[in-house]
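# Chains, contacts and geometry: an overview
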Amino acid sequence: STYMELGFVDDCPAHLLTSPHFPSKVGGKPAWLDWTNVPGDKELACDVCKEPMIFLAQVYTGGLIESVACFHRTLFVFACRSGKCTATGGPASGFKVFRSQLPRANKFYSEEPPEDEEEIAFTPPVELCAVCGCRADNKCSRCGKIHYCTVSHQRAHWPAHKKVCGASADAQEKKEGGSEATLVYPELELIMDDEPDVAPERSEEDRLHEYTETVARLGVGKEEDDDIGADFEKDFKKEDPVFERFRSRIEVEKGQVLRFHREGEPLWIGSQVPTAADVPACARCGAARVFEFQLMPQLLSHLALDDEKDSLDFGVIACYTCTDSCRIGDAGYVSEFLWHNPVNVKDESGSAGGPAAAAAADDDD
């Protein structure tokens, strides 16, 4: 398996998050890699509500796969904005992920790496939606200068666009000044770093031994303290071991929003995990898929979500990709597989709390 890395978000100059810099990032519009067959509204429609999905994150893994065809390689994750579509555990119906890759010598980018702070002039060779940044096959019927992927995104953009409709495209962009921000998530750089050493995980026997020692130390177990001891043991047994393992593992770096470990094992937050049979083989070449990375619920606190119940919410989103990272060719982008692992719900009245609430609590401690 490859090394384990953690992903954290931070502010970054916008020009460094554009395609020629091969960024890893969350939010904003996708910085597409291959400009052949960029996904459009049909590919990015939510399987549940059929509304266009919004870009969530992209992870650049250039150099990871020993293949000439994978010199550049990026995985793109999209999500429906509706919590109703993303709440179900299992195969992630409200999410989609696409893999794209290019050889070093390609028709879009220089073979030499960009300078760290270099601002590279780059004009996308295809028309993109002014709202979400995916391929746009429609345009404003009045000015013909602004493009959209769907009618719904054109309607969402109209309050801002109508003020400048008819002006030059450059003038429109300056005057509208990021009006699409009401639909896309805040744009942040995704910075990868090695996971620090963590303490070995405690077995059930170790935890029970710790409990027994604690009882003895507190003097619980005397006749007059039987009720206290019973309550203590009841609380111990109610503890969710899966969530406790998750919480213990992230304790050293609570701000992590992504865990990358190709061919490793995910860090689950709940008990709804896939079997080998649940992860389909690559639809393109038939090879098995392997775990590559997971998005963490801590990411939700960086997305400027509203407080409505229907907002995006998730536990762990695990991404599985083709073992061979097979050639894509002129297809440009191929779908890979996502699994949603939600937080367990308590058997008693109420719930364990939404994943967003759990992540926020961990971050605030």
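In case you missed it, the structure is sitting above this.
Let us look at the sheet that holds strand 6 (residues 95-102). On the basis of which strands lie adjacent, the open sheet formed by 12 strands has the order 5-14-12-11-10-1-9-2-3-4-6-13 and antiparallel pairing. Looking at the sheet topology across the chains shown, the edges are occupied by strand 5 (90-91) and strand 13 (334-335). Judged from the two bridges that link them, strand 6 and strand 13 form a sheet pairing that is antiparallel. Residue Phe98 lies in a different strand from strand 13, and its bridge partner there is Ser335.

Counted by the stated rule, this structure contains 15 aromatic pairs. Ring centres of Phe22 and Tyr109 lie 5.0 Å apart, and the angle between their planes is 70°; on these two criteria the pair is classed as edge-to-face. Here Tyr109 lies in the loop between strand 6 and strand 7 (138-139) and Phe22 lies in the loop between strand 1 (5-10) and strand 2 (25-26), a separation of 87 residues in the sequence. Seen in terms of ring centroids, Phe243 and Phe246 are 6.3 Å apart; in terms of plane orientation they differ by 25°. Their pairing is stacked.

On to the pattern of salt bridges. Per the stated rule, a full pass over the model turns up 12 salt bridges. A salt bridge links Glu244 to Arg247; the nearest nitrogen and oxygen atoms lie 2.3 Å apart. In this pair, Glu244 and Arg247 are both assigned in helix 6 (residues 241-250), three residues apart and thus about one turn of the helix distant. Between Arg262 and Glu292 there is a salt bridge whose closest N-O contact spans 2.8 Å. Residue Arg262 is found in the loop between strand 10 (258-260) and strand 11 (289-295), and its partner Glu292 is found in strand 11; the two are separated by 30 residues along the sequence.

Before going further, it helps to spend a moment on unusual backbone geometry. With the exception of glycine, most residues fall at negative phi, and the peptide bonds are largely trans. At Glu263, a position not held by glycine, the phi torsion is positive, near 70°. By relative accessible area, Glu263 is classed as partly exposed at 47%. Phi is positive for Ser325, which is not a glycine, with a value near 45°. Tracing the backbone shows Ser325 in the loop between strand 12 (316-322) and strand 13.

The next thing to look at is the side chain of Thr150. Its place among the elements puts Thr150 in the loop between strand 8 (147-148) and helix 2 (151-161). Given a relative accessible area of 13%, Thr150 falls into the buried group. Here Ser152 takes part through its side chain, which lies 3.0 Å from a polar atom of the side chain of Thr150. Sequence-distant contacts of Thr150, defined by excluding residues within four places in its chain, comprise Asp41, Pro52 and Asn138.

All right, on to the environment of His340 then. On the secondary structure map, His340 appears in strand 14 (residues 337-341). Apart from the residues lying within four places of it in its own chain, the contact partners of His340 are Thr86, Ala87, Thr88, Gly89, Gly90, Ala92, Gln272, Phe314, Gly315, Val316 and Ile317. A distance of 3.3 Å separates a polar side-chain atom of His340 from the backbone oxygen of Thr86.

So, on to the pairing of strand 11. Along strand 11, seven of the seven residues are buried, which leaves the element largely enclosed by surrounding structure. Across three bridges, strand 10 lies against strand 11 in antiparallel orientation. In the strand pairing of strand 11, Leu258 is matched with Leu295. The sheet contact formed by strand 11 and strand 12 spans six bridges and is antiparallel.

An α-helical turn contains 3.6 residues, so a residue and the one three or four places further along point in the same direction. Among the residues of helix 2, His153, His157, Ala160 and His161 are the ones counted as buried. Looking down the long axis of helix 2, one finds its buried residues gathered within 75° of arc, a one-sided arrangement.

Reading the values: the criteria
- Residues numbered from 1 in each chain as written.
- Predicted model: local features only at pLDDT ≥ 70, side-chain atom pairs only at ≥ 80, totals over all residues.
- Heavy atoms only, no water.
- Pairing = 2+ DSSP bridges.
- Helix = DSSP H or I, 4+ residues; strand = E, 2+ residues; numbered from the N terminus.
- Phe/Tyr/Trp six-rings, centres within 6.5 Å; stacked < 30°, edge-to-face > 60°.
- Salt bridge = Lys/Arg side-chain N within 4 Å of Asp/Glu carboxyl O.
- Buried < 20%, exposed > 50% of the residue type's maximum accessible area, 1.4 Å probe, protein only.
- Polar contact = N/O pair within 3.5 Å; in protein donor to acceptor, adjacent residues only side chain to side chain.
- Contact = heavy atoms within 4.5 Å.
- Arc of directions from axis to C-beta.

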